[in-house]
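Read off the chains here:
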Amino acid sequence: MLEIEAGEKTTIRFTLNGKPVQAQAESRMQLADLLRHVLKKYGTHVGCEHGICGACTVLVDGRAVRSCLMFAAQVEGASVVTVEGLSNATGGLSELQAAFRRHHALQCGFCTPGILASATQFLQDNNAPSEHEVRDMLSGHICRCTGYTGIVEAILMTAQKRGGA
Amino acid sequence: MSTSEKWVGRSIERFEDEALLTGQARFMDDLEPVAGLCYAAILRSPHSCAEILSIDVEAARKLPGVIEVLTPDDVVAMSKPIGNLISRKLQYYPCAVKRARYFGEPVAVVIAEDRYIAEDALDLVVVKYEPKAAVVDPEDALSSSATVLHEEFGSNVVHERTFQYGDPEAQFAKAAKVVACKVNYPRVNSTPIETYGVIADFDASNGRYTVWSNFQGPFALHPIACDALRVKGHQLRLISPPSSGGSFGIKQGVYPYIVLLALAARKAGRPVKWIEDRLEHLAASSASTGRVTTVEGAFDAEGHLLALRLSQLENVGAYLRPPDPAALYRMHSTLSGPYRIRHISVDNKAVVTNQVPSGLNRGFGGPQFYYPLERMMDLAAAKFGMDAAELRLRNVVRSDEFPYDTVTGSRLESGDYRKCIEAALERAGYPQLLARREQARRDGKHFGIGIALAVETSASNMAYVNLALTHAQRLKSLPKSGAAGRARVIMDPLGSVIVHIDSVPNGQGHRTVMAQVVADEIGVLPEDVEVVSDLDTFGGAWSITSGNYSNRFSTVVTSAAKLAGQQAARKLRAAAAKELGVDPDQVQLVNGMASAPGGKNEPIQIRRLAMQLHWDAGNLPDGVDGSISELAEFSPSSLTVPDEHDRMRSSLAYSFQCDLVALEINSATGRVHIEKYVTVHDAGNLLNPAVVEGQVRGGFAHGFGAGMLERVTYAADGTLLSGTFQDYMCPTAPELPDVDIVHVITPSPNTLHGAKGLGDGCSMLTPVTLANAIADATGIKDLTPPFLPGRLWHLMRGEDPDAFTRKRQPPETGSALTLKGALRGDGTVAIDAPRQQVWDTLLDPAKLKSIIPGCESIDATGPETFIARVRVNIAGIGGLYDTKIRIFDRKEPQSLRLSGRGESKLGLGEGEAFVTLKEDGGGGTVLSYEYSADVGGRVAAFGQRMLDGVVRILLASFFDRLRAYLRGETPSSGLMATVRGWFAMLQMLRGPK
Ligand code: FES
Ligand code: FES
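Residues numbered from 1 in each chain as written. Chains lettered and ligands numbered in written order. Predicted model: local features only at pLDDT ≥ 70, side-chain atom pairs only at ≥ 80, totals over all residues. Heavy atoms only, no water.

Q: Is there a simple way to think about unusual backbone geometry in this case?
A: With glycine set apart, most residues show a phi of negative sign, and most peptide bonds adopt trans. Residue and element names in this part refer to chain B. Cis geometry marks the peptide bond from Asp-324 to Pro-325; its omega dihedral reads 20°. Here Pro-325 is to be found in the loop between strand 14 (305-315) and strand 15 (343-351). Following Glu-892, the chain continues to Pro-893 via a peptide bond in cis, the omega torsion being -10°. Following the sequence through the fold, Pro-893 ends up in the loop between strand 32 (877-891) and strand 33 (895-904). (Helix = DSSP H or I, 4+ residues; strand = E, 2+ residues; numbered from the N terminus.)

Encoded structure:
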């Protein structure tokens, strides 16, 4: 096992939204802090730093993970996608993002990047989800503004549009 | 679109959303508005009530990367206490001065080059406390033996006033029935997902503080903050970030931190950023007031409510922080609710307790009022043997009585309450629900129906805060009144439309709705209107009433924008009239073009007209004074100061709401299943129905949370027990039932669009609607939310649902332990080594040091006593525990008993364990353990759920390492061990969710 002194910084290399990046971080730095404050990708939000609210969720090698519960050093060699990388190729809103806007699935939008990340993986794994399954997936997120109805609708509609249901 | 079609009233998509959905929106913690930012971390009191004997910051100051440490002495030297309405003797500084009065109160601020270093340095600040007996319950605060929180003031009762309207005593004397209800309404925290944040900069050359913060108003607090900082208005410039991650009122409470961080920046000589973490937010941001209410209703024989007698005891937490005691008065001028009550007496008291200070949280003063009132109505219906809906229909203001002047002075301007109630009954299928209830009861099930009503106030008249003063006191103080809204409409030299508004939104779509409003007035498309909602006190469009509270957006801010738009349109029409050769009032502004049906020329682009006013200022049309930059204020003149009888119009507009729920309770688990929830609102005209729906659903989520899950919970010693999202539980998608929304529309004559407000809505009414249904289902009269399955289960068995916050659990039978701690557990592990070897290892300090996770040293201080230094990390917060361990009842090599007591920055812990070793018959050992522990201080705030998990992980890690050691491997040490402990912890936190 690699031994790192307290305070020592190591170089972490990984892919961020499709582009190779490298950054220096102390071993104790959380991934959320690396993304936001070192790499300046402010789209990832932090709401609790103890793993409950889900606001900080990003995709690491396609899996939705809480970036407040992961050390920066753990993404060495991985592919990380944040909300900035979720838009479609031409930079417009993806189907899922557009559905969020259409269904008023956000108000303050602070929880939204994390929910988009979870929903992205969820829809990949499950192309014809039931409302119950969508709600169950959302149990890992807290939205204090919307009451979730628009979010559930937007995710179900996206699945439907993709021809799943 | 024809001229008659308006943008207002349509559910267009929001202009805010694209930036939010793509990660481009900028929130408080995304800002770096000045060069040279450094970062603050706040040391907080682990005691709810303690004298501060000394604070030693030298070691912290010496840590490389630390710039400065701000202490209470600095705060006292550089500022004044934050003023309040009642007394100068109730001193409130933004940090604990000499005495800490609530768990989590700031004690010192460390400013460092980065946040990690600042937090490291907190560990090095040494504070000596002398804890005192805390006052936690508001009724205990009244007792003469209770600790007096503010000795200079001399009493925990910080406010007291009585009021009388009409002749309630005469009505009570002649009443056919008197119904009473007492409620101790708990405190909640709105918990926006974005926490508080402040960046403060001090310019020594002109003594000016510039502060960026997600403070949301009311900006009446700007002069109060200036006063505390001892500066003039222009020396405190407040700027809000472009986006705010929710508030629901609570970000009003940022202002003490504006003062604190401004002082920190001044001391550090550098701009300082502070972003609150969630633990700080739950402990020390703000919470709604708690209220103990006794309400009595006097009814005649037919069930008409003649009079009310109210006694309200408000828990404002440790300090009387402005605007409180305002929560006690927000509903004062509508104390009759939606009912025709002409006689009311009120006895108000506010007390301080060792809890977090109060402030705006969704519904401000509303839930605390409607809960007891609407419970009392249900108790009355039961007493009359009358249907709960019928009793209410009998008492509500009749539709032909509007405008209705309440006995306390409000003018309910419009409404049709009966129609709303009937709409609720119809949508819910009331007769069928009653039949279902019949059937369910025959089947022995707990099925209940609940109904509740409320009047919701919009655009508060600032004057209501002054009801806390007597008329004589008011005459001597600065008069306050009004509920102004402001907006500015600008058209630039290229003809673009820019609108500045003063509503400081936190996600409510104000920019979209405002674009609709202005588009209608000046004839452009909403997407061509750029709305700027960030507020800068160096800008023009703000006033003392600015901010996001009491539904002022849909009422006064949109009205102001309409006026500003009309002023702009007047200029555009004048410019067009000249070219079109018609009178200005014949000019139509539609779809970006100005035209006149009978005019001689082709239509003109509106953009071009605006450009012309800039470029050709020497040739302005008649009556036009320059290019378009139109500031308008909408300030209703009806909102004046209270009269000598304490009557006043507390608000500009009054909405109405009726909620109805049907639910079933599983008596084996205490779980509530919502069958149907209907909410009917009359909020006048709807400006953007989709945005309105979002407000109703969001308000419902808050109301449902307060009813079923959420509560700021303190132990008997004032230690916070709801310090993480694991223990302060916000509803997630699976818990929230669907809600059926119905709108009844009676426009308000008092606002320019006929709109009222509904932002508080269900957050005020859902808790009592649920309570009424639960009472109906169970027959329990005395109900206090939240109705968590466990609490309800106890209630249904006639037991105290809150016993755990009051006393220790009773000893379990058969336990070998004497300490009956809150954290308990037992387990068995198989170890592949002979019993004697396990025994020897467990009793050898040198060996134990490498086995105990996070152990830095362990020394024997006697034959049976040891001292260990152990680092424990919980949820990102680490602390070194100096732990004294003692061994008893040693029966080598079979069993021993251990007791330990540890102290750290995180607080106290004490525990006891009983360990037995048995041979497994195959050369190995079976180790069984049982433990019981108690924690206090900061660590306790993590809550039982999280701590139980932490203990399990630490134990698992210990036994892993013990096995590894006995296999001859060396468990890794130092940092990596900590990191791995952390890791396990993270895995646990990630949990099954
Ligand atoms: S910030 Fe990571 S889960 Fe809340
Ligand atoms: S939109 Fe505000 S928290 Fe979800």
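Anyway, onward from the coordinates.
Q: Mind showing me how you'd approach the pattern of salt bridges here?
A: When charged atoms on two side chains of opposite charge get close, those side chains can pair. On inspection of all chains with the given rule, the structure shows 69 salt bridges over all chains. Residue B:Asp30 pairs with B:Arg26 through a salt bridge whose shortest N-O separation is 3.9 Å. Using a relative accessible area of 6% as the deciding quantity, one classes B:Asp30 as buried. For B:Arg890, the salt bridge goes to B:Glu864, with nearest N and O atoms at 2.8 Å. A residue pair is termed long-range when its members are at least 10 positions apart, and B:Arg890 in strand 32 and B:Glu864 in the loop between strand 30 (855-860) and strand 31 (865-874) qualify at 26 residues. Salt bridges sharing partners connect three or more residues here, namely A:Arg36, B:Arg26, B:Asp29, B:Asp30 and B:Lys273. (Salt bridge = Lys/Arg side-chain N within 4 Å of Asp/Glu carboxyl O. Buried < 20%, exposed > 50% of the residue type's maximum accessible area, 1.4 Å probe, protein only.)

Q: Looking at this model, I keep getting lost on the domain arrangement of chain B. Mind explaining?
A: The domains assigned to chain B are domain 1 (3-16 + 484-634), domain 2 (31-132 + 190-284), domain 3 (157-188 + 288-465 + 641-689 + 748-756 + 769-780) and domain 4 (823-990). Spacing between the C-alpha centres of domain 2 of chain B and domain 4 of chain B amounts to 38 Å. (Domains from an automatic or database assignment.)

Q: In this structure, what is going on with the packing of helix 3 (residues 112-125) of chain A against helix 4 (residues 131-138) of chain A? I would like to understand it.
A: Geometrically, a packed helix pair is captured by the angle between its two axes and the distance between the axes. All names here are of chain A. As a packed pair, helix 3 and helix 4 sit with axes 10 Å apart at the nearest point and diverge in direction by 135°. Taken as axis vectors, helix 3 and helix 4 run oblique relative to one another. Read as a crossing pair, helix 3 and helix 4 show a hand that is right-handed. Residues Ile-115, Ser-118, Ala-119 and Phe-122 of helix 3 form the contact with helix 4, whose participating residues are Glu-133, Val-134, Met-137 and Leu-138. Among the residues forming the contact of helix 3 with helix 4, the class breakdown is six nonpolar, one polar and one charged. (Axes fitted to C-alpha atoms, helices over the stretch in contact; angles between N-to-C directions. Parallel < 35°, antiparallel > 145°, perpendicular 65-115°, else oblique. Left-handed = near helix turned anticlockwise from the far one by under 90°. Contact = heavy atoms within 4.5 Å. Nonpolar A, V, L, I, M, F, W, Y, C, P; charged D, E, K, R; others polar.)

Q: What should I look at first to understand the side chain of B:Asp30 in this one?
A: Considering the arrangement of structural elements, one finds B:Asp30 in the loop between helix 1 (17-21) and strand 1 (38-44). The residues touching B:Asp30, leaving out its near neighbours within four places in the chain, are A:Arg36, A:Tyr42, B:Ala25 and B:Lys273.

Q: Sorry if this is basic, but what is going on with helix 4 (residues 115-122) of chain B here?
A: One turn of an α-helix holds 3.6 residues; hence residues three or four places apart share an orientation. Every buried residue of helix 4 of chain B is accounted for by B:Tyr116, B:Ile117, B:Ala118, B:Ala121 and B:Leu122. On the buried face of helix 4 of chain B, the contacting elements are helix 1 (31-38) of chain A together with strand 1, helix 2 (58-62), strand 3 (66-70) and strand 5 (106-112) of chain B. Here helix 4 of chain B starts with a cap whose side-chain oxygen sits 2.8 Å from the backbone nitrogen of B:Tyr116, and that cap is B:Asp114. (Polar contact = N/O pair within 3.5 Å; in protein donor to acceptor, adjacent residues only side chain to side chain.)

Q: How should I be thinking about the interface of chain A and chain B in this particular structure?
A: By a frequent convention, interface size equals the accessible area lost on bringing the separate parts together. With 57 residues of chain A at the interface, the matching set in chain B holds 65 residues. Across the interface of chain A and chain B, roughly 5,400 Å² is buried in total on both sides, 59% from carbon and sulfur atoms. Run the count over chain A and chain B and you get seven salt bridges. Across the pair B:Asp30 and A:Arg36 runs a salt bridge whose closest N-O atoms are separated by 2.8 Å. Linking chain A with chain B are 23 residue pairs in polar contact (both at pLDDT 80 or more), by the criterion used here. Only helix 1, helix 2 (95-102), helix 3 and helix 4 of chain A provide two or more residues apiece to the side of chain A that touches chain B. Broken down by element, the side of chain A that touches chain B gets its largest block of residues, four residues, from helix 2 of chain A. (Buried area = accessible area lost by both parts, 1.4 Å probe.)

Q: Would you mind going over the domain arrangement of chain A with me for this structure?
A: Residue and element names in this part refer to chain A. Along its sequence, chain A is organised into domain 1 (9-85) and domain 2 (95-161). Listed as interface residues are 16 residues of domain 1 and, on the opposing side, 15 residues of domain 2. One can count one salt bridge joining domain 1 with domain 2. Measuring nitrogen to oxygen at the nearest pair gives 3.7 Å for the salt bridge that ties Arg-63 to Asp-125. Between the two partners, domain 1 and domain 2, sit five residue pairs in polar contact (both at pLDDT 80 or more). Counting residues per element, the ones that place at least two in the side of domain 1 that touches domain 2 are strand 3 (57-60) and strand 4 (63-66). Of the residues assigned to the side of domain 1 that touches domain 2, the class counts are eight nonpolar, six polar and two charged.

Q: I would appreciate a short explanation of the sheet that holds strand 2 (residues 50-56) of chain B in the present structure.
A: Pairing between sheet strands relies on hydrogen bonds along the backbone, with the strands arranged either parallel or antiparallel. All names here are of chain B. With respect to topology, three strands assemble into an open sheet ordered 4-2-6, the strand pairing being antiparallel. Two strands bound the open sheet, and with one partner strand each, they are strand 4 (99-100) and strand 6 (126-131). Pairing between strand 2 and strand 6: six bridges, direction antiparallel. Paired with Ile-55 across the two strands is Val-127, which belongs to strand 6. (Pairing = 2+ DSSP bridges.)

Q: Even after reading the chapter, I still don't get the confidence of the model for chain B, so can you show me in this structure?
A: Note that predicted coordinates carrying low pLDDT should not be read in detail. Residue and element names in this part refer to chain B. In the predicted model, chain B carries a mean pLDDT of 92, and the fraction of residues at 70 or more is 95%. Here residues 807-813 is modelled with pLDDT under 50, and outside its nearest four sequence neighbours on either side it reaches seven contacts, counting other chains as well. In the model, residues 973-993 has pLDDT below 50 throughout and makes 40 contacts with residues more than four positions away in sequence or in other chains. If you check the scores for this complex, the pTM reads 0.89 and the ipTM reads 0.98. (pLDDT = per-residue confidence, 0-100.)

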